[in-house]
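# Observations on chain architecture
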Amino acid sequence: MKKLLLFFLISSTMFAQIERIEPPFWYAGMHNPELQIMVYGKNISKYTVSTSNSIPITKVERTENPNYIFVTINTKNIPPKDFYFLFKENEKVIFTQKYSLKQRRENSAVRKSFDASDMMYLIMPDRFANGYLKNDSDKLTTEKYNRELPEGRHGGDIQGVINHLDYIAALGATTLWITPLCEDNEAVYSYHSYAQTDVYKIDPRYGTNEDYTRLATEMHKKNLKLVMDYVTNHWGLQHWMMKDLPTQDWIHQFENFTQTNHRRTVIHDINASKSDTKICMDGWFAPSMPDLNQTNPLVLNYLTQNAIWWIESSNLDGFRVDTYNYADPIAITKWTKAITDEYPNFNIVGEISMRDQAQLSYWQKDSPIGKIQNFNSHLPSVMDFILSDALLTVFNEDGNWESGMAKVYNNFANDFLFPNVNNLLIFAENHDTNRINHVYKNDIEKYKMTMSLLATVRGIPQLYYGSEIGMAGNKDDGGDAAIRQDFPGGWEADPINAFTKEGRTQGQNEYFDFTSKLFNWRKNKSVVHFGKMTHYIPEDNTYVYFRYNATDPSVSELAKQSVMVLFNNSSETKTLKTDRFVENIGNFKTGKDVITDKIIDVTKEITLEPKSALILELK
């Protein structure tokens, strides 16, 4: 055996022709024992492949490109171990390749994910904090550090996030969504990393794969969850495969460049033309982003295994999936189901930027709308862009039948369309929208109203980095750079360090203190996480709703709670008679203001200041 092993090592050194093997390693004891390994090297397909240690090969696939070979093995009942692939020509072993099946973490398959009890904090890592100056530029990547360039690389990295986990926790966040960290080796605009060029490698300007795993470990010590931003629809034009495609149909190709028409309605539109549908799903998102063909089984398997590999290797807690419904709908549902079959509790939220509740519901798992067409996405969560659109305008509006608080009321009136309203990701803004503090001209009262609503309605609230200190940005004038500015204090030379109370200005502390008080209160309020909601038709641009669990038979008498939320979106003081809300107030006599701790009598009337929100725990 020692002689055989020595031969393997010598032959690997002398004749190795493998440039890449992906996944680079795998895990024993997975729910799906089938593993398809892609091997890349000059004329690799001319060799026959076998394994040591009696690892069964169930399939070997070759494509029109001789530099690829896809080898499927069955790992069922195989313990963690190292073994070798043997590459032969004329029955002679020419070279070998070591491969590892690793031990999974304890209870990996049943890992708990994020849900409505969480608050998600969204970070663009290049703009958050620079924790390690030596990786600001890298010799293997094209774009170099240039903080003077608004759309350039500014140097934020994984270490910068690790350094400020206490800040994130103090804010009341429990989950961290970080925009993509995998290598993006485009010449310009690479900081956003949505044009990935190696999906098995963290971009060296952010750190290493080991740093990413360390981030998850440090977060878990603080009871924080890590969500990866995963891209299934496209890669970057500089992805290493684009220079030597495994198959011509690995990506969608046209005679002339064809961009998607962005009309995702064609997917469920019974009147849609075939040509429009094809352009929607197969057209490229941008000239620098080749569109992946998920209907090719090799592509779909590659993406599925890559996603599972990241979950397992870096111990992730969830996915946010970019441009989810730009992909082939049948293929992307297979991708999603494969992951949730492997991890039954794993939450995946898809970017479904539809502005109609029925169309948005179509994409959530077990949707009654999707069922009309016998479609089930298996996608647990979707992003509530309709509520986001409302929150980016509503507190600037005078109330009438459709605007002001009526817009919010009408949004929730359509909740019956969703199979699981508690598992919607709700937000006022993100890295693609104007910042709310720009929209509301840094009126902190309007900010407070926005956050108060996000913290108390159904769903999983998401906060965009920097809003909690008043950061503003106008995308219409300054482009993406305006809404993706550097967090003050994330760089050593910054004149203001907003990560500390002492470093923040008085105004920044007012924003932060309110946000922290609100979302830390929310952490332990299951009545807000999973309770029922009753709301009342807005009057004079005021709006009232209740979150309660008193009718839930699984809740003990001691745990029964009711929260009353009131908004005055007008510019005048309003006094609301509470007899209108008696069905929810019931025998409660007072309410405790969760921000000020003030006790308020709720038996007759409640007075609201102009442009204000009031959250009361009823007693």
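On a predicted model such as this, the values are computed, not experimentally measured, just so you know. Per-chain numbering applies: the sequence of each chain, read as written, is numbered from 1 onward. Given that the model is predicted, a residue must reach a pLDDT of at least 70 before its local features are reported, and side-chain atom pairs must reach 80 or more before they are shown or counted; all residues, however, enter totals for whole chains, interfaces and linings. The side-chain values count all of the structure's non-hydrogen atoms but skip hydrogen atoms and water molecules.

## Focus on the nonpolar core
- To form a nonpolar core, buried Ala, Val, Leu, Ile, Met, Phe, Trp, Tyr and Cys residues must be joined to one another through side-chain atoms within 4.5 Å. Only protein chains enter the accessibility calculation, which uses a 1.4 Å probe. A residue is then buried if its area is under 20% of the maximum for its type, exposed if over 50%, and partly exposed in between. Membership of the largest hydrophobic core comes to 163 residues, with the highest contact counts inside it found for Y121, W250 and F319.
- Secondary structure is summarised from DSSP: a helix means a run of H or I of at least four residues, a strand means a run of E of at least two, and numbering begins at the N terminus for each. Here this core takes ten residues from helix α6 (residues 297–314), the largest share from any one element.
- Two residues form a contact once any of their heavy atoms are found within 4.5 Å. In this structure F319 touches F114, V227, M228, Y230, A307, I311, W335, I339, F346, N347, I348 and V349, once residues within four positions along its chain are discounted.

## Things to note about the sheet that holds strand β10 (residues 175–178)
- Here eight strands make up a closed barrel; going around it, the order is β9-β10-β13-β14-β15-β16-β17-β18 and the pairing parallel. Here the average twist between neighbouring strands, direction ignored, is 25°.
- Strand pairing is assigned whenever DSSP detects at least two bridges linking the two strands. Taken together, the three bridges between strand β9 (residues 120–123) and strand β18 (residues 460–464) define a ladder with parallel strand orientation. Bridge pairing in β18 links L122 to Y464. Axes here mean lines fitted to C-alpha atoms, for a helix over just the part in contact, with angles spanning 0 to 180 degrees between N-to-C directions.

## Quick word on the sheet that holds strand β5 (residues 57–62)
- Spatial ordering of the open sheet is given by β1-β3-β6-β5, a layout of four strands whose pairing is antiparallel. Each edge of the open sheet is held by one strand with a lone partner, namely β1 (18–22) and β5. Shown here is a sheet whose adjacent strand axes are inclined to one another by a mean of 20°, direction ignored.
- Bridge analysis of β5 against strand β6 (residues 68–74) gives five bridges, and the strand direction is antiparallel. Looking at the pairing, K59 lines up with T72 of β6.
- Along the sheet, α6 makes contact with β1, β3 (34–41), β5 and β6, crossing β3 at roughly 105°.

## Re the pairing of strand β19 (residues 532–539)
- Taken together, the six bridges between β19 and strand β20 (residues 542–548) define a ladder with antiparallel strand orientation. From the neighbouring strand, H535 faces β20, where its bridge partner is Y545.
- Here β19 folds back onto β20 in antiparallel fashion, the turn holding two residues, of which D540 has a positive phi close to 55°.

## Quick word on the layout of surface pockets
- Throughout, the protein atoms alone are placed on a 1 Å grid, and a set of points is a cavity if a 1.4 Å probe fits but cannot get out or a pocket if it is open with protein on both sides within 12 Å along at least five of seven lines; lining residues have an atom within 4 Å of a point. Grid points are joined across faces, edges and corners, and a volume is the space filled by probe spheres set on the points. Considering only enclosed or pocket space, the largest pocket measures out at about 550 Å³ in volume.
- Along its surface, the largest pocket is lined by 26 residues, and F285, E351, D432, K475 and R484 are the ones closest to its centre.
- As a working rule, the residues Ala, Val, Leu, Ile, Met, Phe, Trp, Tyr, Cys and Pro are called nonpolar, Asp, Glu, Lys and Arg charged, and the rest polar, with Gly in that last group. Grouping the constituent residues of the lining of the largest pocket by class yields eight nonpolar, nine polar and nine charged.
- Taken as a whole, the second largest pocket holds about 410 Å³ of empty space.
- In this structure, the second largest pocket is lined by 18 residues; those nearest its centre are D593, E609, S612, A613 and L614.
- Only α13 (444–456), β25 (605–608) and β26 (612–618) provide two or more residues apiece to the lining of the second largest pocket.
- The residue makeup of the lining of the second largest pocket, split by class, is nine nonpolar, four polar and five charged.

## Some thoughts on the confidence of the model for the protein
- pLDDT gives the predictor's per-residue confidence on a scale running from 0 to 100. When pLDDT is averaged along the protein, the result is 95; 96% of the residues meet or exceed 70.
- Throughout residues 1–15 the model reports pLDDT below 50, and contacts reaching past four residues in sequence, or to other chains, amount to 15 contacts.

## Notes on empty space enclosed by the protein
- Applying the stated criterion across every chain yields a total of two cavities of 30 Å³ or more.
- The computed volume of the largest cavity comes to approximately 90 Å³.
- Lining the largest cavity are 14 residues; nearest its centre among them are C182, Q196, M228, D229 and Y230.
- Counting only elements with at least two residues in the lining of the largest cavity, the list comes to β13 (225–231) and α6.
- Here the residues of the lining of the largest cavity sort into ten nonpolar, three polar and one charged.
- In this structure, the second largest cavity spans a volume of roughly 60 Å³.
- Considering the residues around the second largest cavity, the lining is formed by E22, P23, Q36, M38, F70, Y200, L298, N301, Y302 and Q305.
- Among the elements of the structure, β3 and α6 are those that each provide at least two residues to the lining of the second largest cavity.
- With four residues, α6 is the largest single contributor of residues to the lining of the second largest cavity.
- Tallied by class, the residues present in the lining of the second largest cavity amount to six nonpolar, three polar and one charged.

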